[in-house]
Amino acid sequence: MSGVRAPGGEVEGAPDRRTPAERAAELRRLIEYHNERYFVLDAPEIPDADYDALVRELRQVESEHPEVITPDSPTQRVGGAAETQLFAPVRHRIPMMSLDNAFEQSELDAWADRLRRQLPDVDLEVLDFSCEPKVDGVAMSLTYVDGRFVQAATRGDGVTGEDVTANVATIRVVPHELKTPAPHHLEVRGEVYMPTATFAELNKRAELQGSKTFANPRNAGAGSLRQKDPAVTASRPLSFWAYQIGEIDGAVPETKAAGASSKRRQSKGAWPPASQSAALALLGAAGFPVSPDARTVRGVTAAFARCRELEAHRHDLPYEIDGVVVKVDDLSLHERLGATSRAPRWALAFKFPPEDRTTRLLEIMVSIGRTGRATPFAVLEPVFVGGSTVRLATLHNEDQVRLKDVRPGDLVIVHKAGDVIPEVVGPVLGPGAEVDAEGATAADRSPPWTFPTVCPACGSPLTRLPGESDTYCTNIDCPAQRVQRIVHFASRSGMDIEGLGEERVVQLVEAGMVADPADVYLLRAEPLATLERMGAISSKNLVDAIEDSKSRPLSRLLVALGIRHVGPTGARALARDFGTLGALRNAGAVELAAVEGVGEVIADSVAEFFSNPKNVAAVDRLVALGLRTDEPGATGPRAGATAAVGGGPAVAQTLSGKSVVVTGTLEGYSREGAEEAIVSRGGKSPGTVSKKTYAVVVGDSPGVAKTKKAEELGVPVVDGTRFDELLETGELPG
Ligand code: IVH
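Residues numbered from 1 in each chain as written. Predicted model: local features only at pLDDT ≥ 70, side-chain atom pairs only at ≥ 80, totals over all residues. Heavy atoms only, no water.

1. Comments concerning the overall build of the protein
Rules: We count a stretch as a helix when DSSP gives it H or I for four or more residues in a row; a strand needs E for two or more, and each element gets its number in order from the N terminus. Whether a residue is buried, partly exposed or exposed follows from its accessible area with a 1.4 Å probe, protein chains only, as a fraction of its type maximum: under 20%, in between, or over 50%, in that order. The contact criterion used throughout is that any non-hydrogen atoms of two residues lie within 4.5 Å. Values of accessible area rely on a 1.4 Å probe in the Shrake-Rupley scheme; residue burial ignores everything except the protein chains shown.
Within the protein, the regular secondary structure consists of 26 helices and 21 strands. In the protein, which comprises 734 residues, the share counted as buried stands at 48%. In the protein, once contacts between residues fewer than 6 apart in sequence are set aside, the share between residues at least 24 apart is 68%. Accessible surface, the protein as shown: approximately 34300 Å² in total, 54% of it carbon and sulfur.

As structure tokens, this is what we get:
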């Protein structure tokens with residue numbers, strides 16, 4: 001392959017006789033030199049890609065020889081040049097495509113029919129198929145040059161992903177050096193995932209520490225991978241299955257070891273592999289983990305039988321799978337079959353149907369959100385469904401409870417698909433059934449549940465406005481609302497204060513230590529340490545985390561304030577455009593609505609928020625406590641002196657030409673706000689799902705028709721909680 005140039009001006013292929021310490025020192029010198037050219041003198045000498053290669057090589061040397069790391073190494077600094085290179089964009093030379101999905105036997109049969117039509121000379125009953133577990137993780141592309149790991153990139157939108165080399169380098173099972181000779185440039189594709197046992201342990205630890213738990217192994221894996229600090233990734237053991245060879249270029253080197261001639265013949269001759277099963281064998285021999293549950297079977301009937309077999313045993317595996325990928329084994333047929341714009345024709349993902357489970361509904365309770373909205377929810381006997389243990393499930397609103405007619409004590413059906421919020425479908429004892437699975441009859445049921453008339457937290461009357469489905473506690477001093485406002489303030493998308501989760505906030509409010517977000521900044525370690533489950537160390541950690549949060553950019557503060565309709569994306573657009581809190585709070589609705597990505601709904605809400613003297617006083621108090629009030633890198637026309645180079649659109653066109661359908665309510669967005677966010681990123685947001693739809697985003701109380709249609713057409717479904725991620729990256733969950 002041409003263009004793979006060793007950084008630092010070395011001649012490709014020349015033997016490097018320097019010790020790792022010498023090479024690391026040289027790389028540090030080069031990086032410092034180019035940092036100065038770039039950051040101080042504003043006169044860079046080398047393209048960014050070359051600079052990235054230097055940093056990447058230094059990280060590589062340091063990860064292989066930790067003894068050469070120095071405290072002043074650019075890789076060890078928080079912030080600064082090395083950090084800005086984390087998650088840099090990486091273009092995939094061969095796009096990372098999606099797979100077509102099949103949910104039912106008829107769709108598997110239709111795929112077989114298509115294969116028969118395209119391969120009239122092939123008898124599908126004697127054709128080999130590779131049947132591989134579809135691991136529910138994060139797709140990853142790993143690059144090896146001369147047998148050494150040099151880069152890891154996420155799938156992104158299939159064309160451009162993110163550079164996560166430093167984090168993937170901490171995954172123990174990812175080889176840093178290949179065990180067998182391989183082509184000069186080798187790209188290996190696979191899935192980074194979190195084993196089920198690791199996930200359970202991580203959540204147990206998080207629960208004990210009072211920090212947030214993850215909904216499922218996929219989220220935990222993806223979250224761990226996106227850590228800015230690779231040490232955090234390393235502390236949450238991730239794993240990897242290799243499933244495909246991507247780009248290969250250059251020859252397989254000769255092995256020099258004596259007596260290796262037969263091995264050499266075997267390994268050299270084996271590249272490039274002729275079949276998927278041979279590719280998996282080569283990857284396994286090179287040191288990559290390959291799922292032991294991947295099987296090659298003869299004939300399409302046997303392939304579909306293998307799908308059913310894996311479905312029946314899915315929970316016996318030590319990792320989460322959501323289906324089976326069936327691939328034509330013979331790679332020469334891949335060329336004949338080709339691909340559509342989205343997916344190859346030689347493979348199909350058989351997706352398991354969402355699982356429904358039965359459990360006992362213990363109680364129906366009502367929670368009060370930060371805006372005072374009263375949401376009924378089901379307290380369930382814990383049940384493992386859709387990849388996680390479900391204890392609580394939303395019942396949405398008063399009408400939904402009535403429609404479903406679920407009552408405390410009922411045996412109910414719980415439904416959960418992937419990331420989607422668990423839902424109580426209805427009682428097992430539905431119309432027509434006289435007894436439930438445990439022998440209870442209709443006469444044994446408790447009376448229909450009725451919505452409480454007063455707030456369970458403060459006792460004020462609950463009100464439901466005519467024509468609306470939601471019920472509210474309108475007492476602004478309600479302690480439950482207070483708690484939720486502080487929890488939201490400290491949440492990951494807000495001020496991101498580690499260790500200040502719901503349980504801790506309840507404790508602090510009950511102890512009279514905090515009543516609103518600003519009080520958080522007055523907490524001191526000593527009094528905190530007197531609380532239950534709070535030692536000297538955790539108190540200090542919490543105070544440090546609170547102090548640290550003062551430097552979050554303006555966009556975080558805007559989210560944390562809980563302004564209606566302002567989610568992370570809208571907040572970033574506003575902060576980038578205005579640059580400072582001062583400029584933003586004095587703007588009128590018209591000026592606010594002029595920001596790219598901000599429509600009238602958000603603009604009106606922000607203007608209204610800052611016109612309320614109570615809100616202004618609360619914000620002033622936060623500012624007086626030393627919170628940061630500007631946005632680094634603000635580029636907008638109103639950002640004044642902070643404006644940087646470049647005059648492109650304020651919002652990246654991540655959804656350019658893509659059509660994204662939204663169903664249900666998304667937290668932090670009104671319907672219009674969500675549409676605006678899609679359109680401002682170059683996308684479309686039609687009201688109906690079609691084959692061309694890029695993704696359907698499913699929020700709270702989604703429309704059944706849209707989700708069903710998405711499943712029928714194989715359109716990817718994205719959980720509402722990941723909407724911001726979709727907007728920001730244009731990327732679909734794997
Ligand atoms: S092959 C061109 N094999 O499923 C298609 N994908 O829905 C290349 N996945 O993004 C993918 N296990 O992240 C393939 N054994 C496997 C897989 C697998 C999981 C994921 C992968 C991909 C997604 C497609």
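Having seen the model, we can carry on.
2. What about the site of the ligand?
Put simply, the test is: In this text, near means that some heavy atom of the residue lies within 4 Å of the molecule or strand in question. Under this definition, polar contacts are N or O atom pairs within 3.5 Å; protein pairs additionally need one hydrogen-donor-capable and one acceptor-capable atom, and for neighbouring residues in sequence, both atoms have to be side-chain atoms. Three categories are distinguished: nonpolar for Ala, Val, Leu, Ile, Met, Phe, Trp, Tyr, Cys and Pro, charged for Asp, Glu, Lys and Arg, and polar for the others, with Gly belonging to the last.
Contacts to the ligand come from 14 residues, most closely from E132, A139, E191, Y243 and K327. Separating a nitrogen atom of the ligand from a side-chain N or O atom of E132 is a distance of 2.8 Å. With respect to the ligand, the side chain of E191 contributes an N or O atom lying 2.5 Å from an oxygen atom. Protein chains bury 93% of the 520 Å² of accessible surface belonging to the ligand in isolation. Elements with a contribution of two residues or more to the shell around the ligand: β3 (128–135), β8 (239–249) and β10 (321–328). Looking at the shell around the ligand element by element, the count peaks at four residues for β3. Looking at the shell around the ligand residue by residue, the classes come out as eight nonpolar, one polar and five charged.

3. Things to note about the sheet that holds strand β20 (residues 695–698)
To keep things clear, this is the line we draw: Following DSSP output, two strands are said to pair if at least two bridges run between them. Fitted lines through C-alpha atoms serve as axes, helices being fitted only where they are in contact, and the angles separating the N-to-C directions of these axes extend from 0 to 180 degrees.
Ordered by their spatial adjacency, three strands build an open sheet running β19-β20-β21, and the pairing between neighbours is parallel. In this open sheet, the two edge strands, each paired with only one partner strand, are β19 (660–663) and β21 (717–719). Direction aside, neighbouring strands of the sheet carry axes that sit 25° apart on average. Examined bridge by bridge, β20 and β21 share three bridges and lie parallel to one another. Across the sheet, the residue bridging to V696 is V717, located in β21.

4. Focus: helix α11 (residues 300–312)
Note on helix geometry: an α-helix contains 3.6 residues per turn, so any two residues three or four positions apart are oriented the same way. Rule in force here: In this scheme, a helix's expected span is set at 1.5 Å multiplied by one less than its residue total. Comment: arc refers to directions from the helix axis out to C-beta atoms.
Taking 1.5 Å as the rise per residue, α11 with 13 residues should run 18 Å; its terminal C-alpha atoms sit 19 Å apart, in good agreement. Within α11 the residues assigned to the buried category are V300, A303, F304, R306, C307 and L310. Take α11 and look down its axis: the buried residues cluster within an arc of 150°, on one side only. Structurally, α11 contributes buried residues whose contacts are with α4 (105–118), β3, β9 (295–298), β10 and β11 (347–351).

5. Quick notes on the pairing of strand β15 (residues 411–416)
Here strand β12 (residues 355–368) runs beside β15; their pairing, made up of six bridges, is antiparallel. Residue pairing for β15: D356 is matched across the bridge by H415.

6. Focus: the nonpolar core
For the record, the criterion: Buried Ala, Val, Leu, Ile, Met, Phe, Trp, Tyr and Cys residues form a nonpolar core when they are joined through side-chain atoms within 4.5 Å.
Of all hydrophobic cores here, the largest spans 50 residues; its most connected members are I497 and L574. Put simply, the parts of the chain that give this core at least two residues each are α14 (479–490), α15 (502–510), α17 (536–549), α18 (554–560), α19 (568–578), α20 (581–585), α22 (600–611) and α23 (613–624). Contact partners of I497, with chain neighbours within four places excluded, come to A490, V520, Y521, L542, A545, I546 and S549. Core analysis: the second largest hydrophobic core is formed by 36 residues, Y144, L280, L282 and L283 among them.

7. Quick notes on the packing of aromatic side chains
Condition: Only Phe, Tyr and Trp rings are paired, with Trp represented by its six-membered ring, and only when their centres lie within 6.5 Å; those with planes under 30 degrees apart are stacked, over 60 edge-to-face, the remainder tilted. As a reminder, the over-ring test applies to NZ of lysine and CZ of arginine, requiring each to be within 6 Å of the ring centre and within 35 degrees of the ring normal.
Using the criterion set out here, one finds 10 aromatic pairs in the structure. Each ring, one from F489 and one from Y521, has its centre 6.2 Å from the other, and the planes form 85°; the classification is edge-to-face. In this pair, F489 is assigned in helix α14 and Y521 in the loop between α15 and α16 (525–529), connecting sequence segments 32 residues apart. For the pair formed by F489 and Y521, the shared burial category is buried. Put simply, the rings of Y144, F149 and F288 pair up and form one aromatic cluster. Just above the ring of Y694 sits the side chain of K658; from NZ or CZ to the centre is 4.5 Å.

8. What about the environment of E667?
For E667, the position within the fold is in the loop between β19 and α24 (671–679). The sequence separation of E667 and V566 amounts to 101 residues, and the corresponding C-alpha distance is 9.5 Å.

9. Here's the deal with the side chain of S539
Note on placement: S539 falls in helix α17. The buried category is assigned to S539, whose relative accessible area is 0%. At 3.3 Å, the side chain of S539 forms a polar contact with the backbone nitrogen of A529. Those residues in contact with S539, other than ones at most four positions away along the chain, are A525, L528, A529 and M534.

10. Observations concerning a positive patch on the surface
Stated formally: Residues form patches when they are more than 30% accessible in relative terms and have no salt bridge. Like charges link within 9 Å. Nonpolar side chains (Val, Leu, Ile, Met, Phe, Trp, Tyr) link within 5 Å. Salt bridges are counted wherever a side-chain nitrogen of Lys or Arg sits within 4 Å of a carboxyl oxygen of Asp or Glu. His is not counted, nor are the chain ends, whereas Lys and Arg count as positive and Asp and Glu as negative. For this purpose, a charge sits on NZ of Lys, CZ of Arg, CG of Asp or CD of Glu.
On the surface, R114, R117, R345 and K691 cluster together into a positively charged patch. Looking at the element boundaries, R114 is found in helix α4. Given a relative accessible area of 36%, R114 falls into the partly exposed group.

11. Here's the deal with the pattern of salt bridges
This structure, assessed with the given rule, holds 37 salt bridges. In this structure, E398 and R402 form a salt bridge, with 3.3 Å as the shortest nitrogen-oxygen distance. Highlighted residues: E398 and R402, both in helix α13 (residues 398–404), separated by four residues, approximately one helical turn. The salt bridge partner of R533 is E532, with a shortest N-O separation of 3.9 Å. R533 sits in the exposed class, given a relative accessible area of 53%. E532 sits in the exposed class, given a relative accessible area of 59%. What emerges from the salt-bridge pattern is a single network uniting E398, D399, R402 and R464.

12. Describing the side chain of E631
The topology assignment puts E631 in the loop between α23 and β19. The charged side chain of E631 is buried without a salt bridge, its nearest counter-charge being R576 at 5.0 Å. A polar contact of 2.9 Å, which involves the side chain of E631, links it to the backbone nitrogen of S555.

13. Quick word on the confidence of the model for the protein
Cut-off, in case you're wondering: Residue-level confidence of the predictor is what pLDDT reports, using numbers from 0 through 100.
Here the protein averages 84 in pLDDT, and 86% of its residues register 70 or above. In the predicted structure, residues 1–15 sits below a pLDDT of 50 and forms 21 contacts with residues beyond four places in sequence or in another chain.

14. Comments concerning the packing of α22 against α23
Put simply, the test is: An angle counts as roughly parallel when it lies under 35 degrees, as roughly antiparallel when it exceeds 145, as roughly perpendicular when it falls between 65 and 115, and as oblique in every other case.
Running from amino to carboxyl end, α22 crosses α23 at an angle of 80°, the nearest separation of the two axes being 5 Å. As judged from the angle between their axes, α22 and α23 are roughly perpendicular. On the side of α22, the interface is formed by F609, F610 and S611, while α23 contributes P613, N615, V616 and V619.

15. Examining unusual backbone geometry
Here the amide bond leading from W271 into P272 is cis, since omega sits at -15°, within 30 degrees of zero. With respect to the secondary-structure elements, P272 resides in the loop between α9 (261–269) and α10 (276–286). Phi is positive for R533, close to 60°, though the residue is something other than glycine. Mapped onto the secondary structure, R533 falls in the loop between α16 and α17. With phi around 75°, H565 is a residue other than glycine that occupies positive phi space. The topology assignment puts H565 in the loop between α18 and α19.

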